[in-house]
Amino acid sequence: HITPEKFYVEACDGGADDVLTIDRVSTEVTLTVKKDVPPSAVTRPIYGILGTIRLVAGTYLIVITKKKKVGEIFGHVIWKATDFDILSYKKTMLHLTDIQLQDNKVFLSMLNHVLSVDGFYFSTTYDLTHTLQRLANTSPEFQEMSLLERADARFVWNGHLLREFAAQPEIHRFATPVMHGFITMHSCSINGKCFDWLLVSRRSCFRAGVRYYVRGIDSEGHAANFVETEQIVHYKGSKASFVQTRGSIPFFWSQRPNLKYKPKPQISKSVNHMDGFQRHFDSQIISYGKQMIVNLVNQKGSEKPLEQMFAKMVNSMANGMVRYVAFDFHKECSRMRWDRLQILMDQLAEQQDEFSYFLVDSDGKIVTQQEGTFRSNCMDCLDRTNVIQSLLARRSLQAQLQRLGVLHVRQRIEEQADFEKIYKNAWADNANACAKQYAGTGALKTDYTRQVGLLGSGAGLGTGKRTQWGLIMDGWNSLIRYYKNNFSDGFRQDAIDLFLGNYSVDEVEPASPLHVKKDWKFLALPIIMVVAFSMCIICLLMAG
């Protein structure tokens, strides 16, 4: 309910009388009851509060205005937020100069840009930020906490926007922690036995950003494009889960756009790589147990120094909990030899059996725990990484379904045509979502993921073919990536930094960071290009 002085947010749960009141002048947030809402207020439905942010014009409230049901997980409804609104506390902009008005408009367009990227999910009753294994190993006190308090900070994308709400425990239930990534759910049937199959990818908001602007790690050990992917099976009350991670090569390196199709990666020479590297793996071991690194970068050309450095640093760290495997994906699978991926799968099979998966029976008793994770990476941690993750997840799923009695002994998943189709498409959709969020376009190689007869243990991979259309789409996506990476990703990076609180707008800042005086030489190239292009068109039209 909106009045000139206040925003009133009324809870619509049955029996709830609480109303959250936000003073538009003092920005104070308090709790009142329904009868305090004036009848003159303008009323509209909203589905959650994303949080508040300060821009040049003052404070803004960001709310979810549209949602779409993704499905249900153990009786809890999961929603995808599909539209948002940014409401100004200030009733007028007359206090701003023209430059401030312009700046405020740019900052608002940045927020709208981040919110327009697909993949924001939330639930008002279920904690989406934790894996099943983490949730099963918690204390009764943890279960009593609000969703905001207990959420894993790595995966709460509106953590910065909710910081004022976090400081007041009594209003926590009005705050909606939102996850960014990908969720898909399917009710499946094999041998007449029905089970739910879910895929959840959680993007970390630490060191978040776009492809060429954010690589490697920061001093805290947070890796760029870090994503935790969990595959869940729910059958007759039993729940099984298999978790994997992906993240940029974890030392200090960069690959700034410079108009080349593939800028050369630069390893930083002035810093101590081991500090951040050690921090990264210490936190991974605490969160996930043993680590099996699967490095898929090229072992020649510009990617070679990164592979060598990664191997060297794992050796230097000499931690028995961290193991390393390098597999030159492009070389091994050149000329469409996808069956060669079996070599890597055979290499990892023993380790995967040792790591196992998480399984809890219908009585809530933990049967097995996952003892470690595969941490896969390529350069972007998108296309090659997703192919390998789908293969590892397939192998784990085979074991889980056999143990739960869905699959008979010696029955293979790839023989179940209906489920096979669901599985491949879900993993290809996961690849697309992660790629759009990091690189700005859909993933490459998804035609392979959608068709390939992915393997379990010992099965060949020969049925995966790349289609002509798939190659054309890869070319098109590569072209779009090239344009975006060189000409529009700076804006995207700034937008993410503003949204996540890495950059804060200072209302009294004298010099705006958005205004940089440009030298005349910046105009020279576009003018030459326009003239040249015009002459070319004239010559074509008036050839005589």
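Residues numbered from 1 in each chain as written. Predicted model: local features only at pLDDT ≥ 70, side-chain atom pairs only at ≥ 80, totals over all residues. Heavy atoms only, no water.

**Description of the confidence of the model for the chain**
Atom-level detail of predicted coordinates should not be read off regions where pLDDT is low.
Okay, so step 1: Of the residues in the chain, 96% have a pLDDT of 70 or more, and the chain-wide mean is 92.
Okay, so step 2: Below pLDDT 50 for its whole length, residues 453-463 participates in 41 contacts with residues either more than four positions away or in separate chains. (pLDDT = per-residue confidence, 0-100. Contact = heavy atoms within 4.5 Å.)

**Here's the deal with the side chain of Gln352**
Okay, so step 1: For Gln352, the position within the fold is in helix α9 (residues 341-355).
Okay, so step 2: Of note is the side chain of Gln352, whose polar atom sits 3.4 Å from the side chain of Arg395.
Okay, so step 3: Contact partners of Gln352, with chain neighbours within four places excluded, come to Phe242, Phe374, Leu392, Arg395 and Ser396. (Helix = DSSP H or I, 4+ residues; strand = E, 2+ residues; numbered from the N terminus. Polar contact = N/O pair within 3.5 Å; in protein donor to acceptor, adjacent residues only side chain to side chain.)

**Digging into the nonpolar core**
Okay, so step 1: In terms of nonpolar packing, the biggest core is built from 41 residues, with Phe195, Trp197 and Ile388 touching the most fellow members.
Okay, so step 2: Of all the elements in the fold, those that place two or more residues in this core are β8 (179-190), β9 (193-203), β10 (227-235), β11 (238-246), β14 (290-295), α9, α10 (383-404) and α11 (417-438).
Okay, so step 3: The biggest single contributor to this core is α10, with 8 residues.
Okay, so step 4: Ranked by size, the runner-up nonpolar core spans 32 residues in total, among them Tyr60, Ile64, Leu115 and Val505. (Core = buried A, V, L, I, M, F, W, Y, C linked by side-chain atoms within 4.5 Å. Buried < 20%, exposed > 50% of the residue type's maximum accessible area, 1.4 Å probe, protein only.)

**Quick look at the packing of helix α6 (residues 273-288) against helix α7 (residues 304-317)**
Okay, so step 1: Between α6 and α7, the shortest axis-to-axis distance is 11 Å and the interhelical angle comes to 75 degrees. The orientation of α6 relative to α7 falls into the category roughly perpendicular. Note on element contacts: α7 touches α6 through Met309, Phe310, Met313, Val314, Ser316 and Met317, opposite His273, Met274, Phe277, Gln278 and Phe281.
Okay, so step 2: Broken down by class, the residue content of the contact of α6 with α7 amounts to 8 nonpolar, 3 polar and no charged. (Axes fitted to C-alpha atoms, helices over the stretch in contact; angles between N-to-C directions. Parallel < 35°, antiparallel > 145°, perpendicular 65-115°, else oblique. Nonpolar A, V, L, I, M, F, W, Y, C, P; charged D, E, K, R; others polar.)

**Quick notes on the UniProt feature "domain: SAC" (unreviewed entry) in the chain**
Okay, so step 1: Annotation from UniProt places "domain: SAC" (unreviewed entry) at residues 111-440.
Okay, so step 2: The span residues 111-440 carries 35% helix and 22% strand; its end-to-end C-alpha distance comes to 16 Å. (UniProt positions renumbered as here; feature names shortened; annotations may be inferred.)

**Focus on the pattern of salt bridges**
Okay, so step 1: The tally for this structure, following the rule as stated, stands at 27 salt bridges.
Okay, so step 2: Here Asp353 and Arg395 are joined by a salt bridge, their closest N and O atoms 3.1 Å apart. Of the two residues, Asp353 is situated in helix α9 and Arg395 in helix α10; the sequence distance between them amounts to 42 residues.
Okay, so step 3: Residue class for Asp353 comes out exposed when judged on its relative accessible area of 51%.
Okay, so step 4: Notably, a salt bridge pairs Arg412 with Glu414, separated by 3.4 Å at the nearest N-O pair.
Okay, so step 5: Its relative accessible area of 22% is what places Glu414 among the partly exposed residues.
Okay, so step 6: Here the residues in one salt-bridge network are Arg134, Asp152, Arg154, Arg202, Glu228 and Glu230, joined through shared partners. (Salt bridge = Lys/Arg side-chain N within 4 Å of Asp/Glu carboxyl O.)

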